[in-house]
Amino acid sequence: SAFSVPVIAGENERLVTFIDTPGHEAFTEMRARGAKVTDIVVLVVAADDGVMPQTIESINHAKSAGVPIVVALNKIDKQQATDENIQRILGQLAEHELNAVDWGGTTEVIRTSAIEEIGIQDLLEILDYQAELLELKADFGGSAEGSVIEAHIAEGRGPVANILVQQGKLKKGDFVVAGKGYGRIRALINEHGNQVDEAGPSTPLAVLGLSEVPEAGDKLYVVKSLIV
C-alpha cells in the first residue's frame, strides 16, 4: 500500500509518501524490473528482538536498488529493549554494513516506539534532512511518469493499477502505457477513495482504464496517442 501523510519536520510542513511492502514481494518485483520507487528506505527493527532473516532480505533489496537506509529501532518502550540488547542489534546491523552513527558510522538509527509515540518526530526530521542532503527533486510539469506498486482486476472496474507518480502531472483522460497494459485513463482515485482530475509527483493513485493488468515494478508513461 502507499499513503501520503502531512507532517511537520523542523519548521517545515512536508507531505511524506510512505510505501509499505509487507512480505517484501512488491519490493522484490520492482527491483527485478529495475524500478526505483523509493528514495529512502526506513528499515524497521524491533528493539526487543533484533535483525531477522527478513530484515537481511530488506537490507539486500535496498542495497541492490541503491537506496539509502534509515533504521527505525522500534518497540524501544519494551522491557527487553535494554542497552545491552540495543548494542547487540547495532552490532548485527554493522555486520551488514549499516554502521550506526552512534558507532562512528553513517547510518542513522532512530529509537522509536509507535505505541508511545517516542522518536517519531526525530525520524521525520531525519527523513527531511536526508531528502535535502540527497537533493531529492521532481518535475511537476510535463508528461507524467510513474511506477506500478501493484495491480489487479476489480469487479465492475476491470484492470486497476495502484501507482506512484514520480515525474510530471498525471491527468484524467491521458493516454498511458504501463507494462503490457495501455489505455486512456478513465478515473484517478486517491488513497481516500476519492476521484481526482490530476496529480503530481509522490502521489499514490489507483488508475482505471488500462487494457490489461500490469505487473509490480512496471513503469507507467503518458503518451500522445495509442495509434501505432
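Here the structure is shown first, and the text comes after it.
The structure displayed is predicted, hence computed values, not measured ones. (Residues numbered from 1 in each chain as written. Predicted model: local features only at pLDDT ≥ 70, side-chain atom pairs only at ≥ 80, totals over all residues. Heavy atoms only, no water.)

S.K.: Just give me the short version of the nonpolar core, but keep the residues and values in it.
M.R.: If you look at the biggest cluster of nonpolar residues, it comprises 20 residues, and the most contacted ones within it are Leu43, Ile69, Val71, Leu73, Leu93, Leu98 and Val109. Looking at this core, the elements with two or more residues in it are β3 (41–46), α2 (53–65), β4 (69–74) and α3 (83–95). Element by element, the count of residues in this core is highest for α3, at four residues. Those residues within four positions of Val109 in sequence are excluded, and the remaining contacts are Val71, Leu73, Leu90, Leu93 and Ala100. Ranked by size, the runner-up nonpolar core spans 16 residues in total, among them Val148, Ala199, Leu220 and Val222. (Core = buried A, V, L, I, M, F, W, Y, C linked by side-chain atoms within 4.5 Å. Buried < 20%, exposed > 50% of the residue type's maximum accessible area, 1.4 Å probe, protein only. Helix = DSSP H or I, 4+ residues; strand = E, 2+ residues; numbered from the N terminus. Contact = heavy atoms within 4.5 Å.)

S.K.: So what's going on with helix α4 (residues 120–133)? Which residues, and what values?
M.R.: When the terminal C-alpha atoms of α4 are compared, their 20 Å separation across 14 residues agrees well with the 20 Å that a helix rising 1.5 Å per residue should span. Those residues of α4 that sit buried are Leu123, Leu124, Ile126, Leu127, Asp128 and Gln130. The inward-facing, buried residues of α4 abut β1 (2–9), β2 (12–19), β3, β4 and β5 (109–111). Following α4 by one or two positions, Glu135 has its phi on the positive side, about 55°. (Expected span 1.5 Å × (residues − 1).)

S.K.: Report on α2, specifying residues and quantitative values.
M.R.: The end-to-end C-alpha separation of α2 is 19 Å, in line with the 18 Å expected for 13 residues at 1.5 Å each. Here α2 has its buried residues at Thr55, Ser58, Ile59, His61 and Ala62. For α2, the angular spread of the buried residues around the axis is 160°, confining them to a single face. Just downstream of α2, Gly66 is the residue with a positive phi angle, here 70°. (Arc of directions from axis to C-beta.)

S.K.: I'd like to hear about the sheet that holds β4, residue by residue, with values.
M.R.: The sheet built from three strands is open, its strands ordered β3-β4-β5 with parallel pairing. Edge positions in the sheet fall to β3 and β5, since each has one partner strand and no second. Pairwise comparison of adjacent strand axes, ignoring direction, gives a mean angle of 25° for this sheet. Lying on the sheet, α4 is in contact with β3, β4 and β5; it crosses β4 at an angle near 180°. (Pairing = 2+ DSSP bridges. Axes fitted to C-alpha atoms, helices over the stretch in contact; angles between N-to-C directions.)

S.K.: Provide a residue-level description of the sheet that holds strand β10 (residues 181–184), including the pertinent values.
M.R.: Adjacent strands of a sheet form backbone hydrogen bonds with each other and so pair up, either parallel or antiparallel. With respect to topology, eight strands assemble into an open sheet ordered β10-β9-β15-β6-β7-β14-β11-β12, the strand pairing being antiparallel. Looking at the sheet topology across the chains shown, the edges are occupied by β10 and β12 (195–196). Here strand β11 (residues 187–189) pairs with strand β14 (residues 204–208) via three bridges, running antiparallel. Its bridge partner lying in β14, Ile189 is registered against Ala206.

S.K.: Please give an account of the pairing of β10 that cites residues and values.
M.R.: Only one face of β10 is buried, namely the one carrying Gly181 and Gly183, since none of Tyr182 and Arg184 on the opposite face is buried. With four bridges joining them, strand β9 (residues 175–178) and β10 adopt antiparallel strand pairing. Among the inter-strand pairings, Ala178 is bridged to a residue of β10, identified as Gly181.

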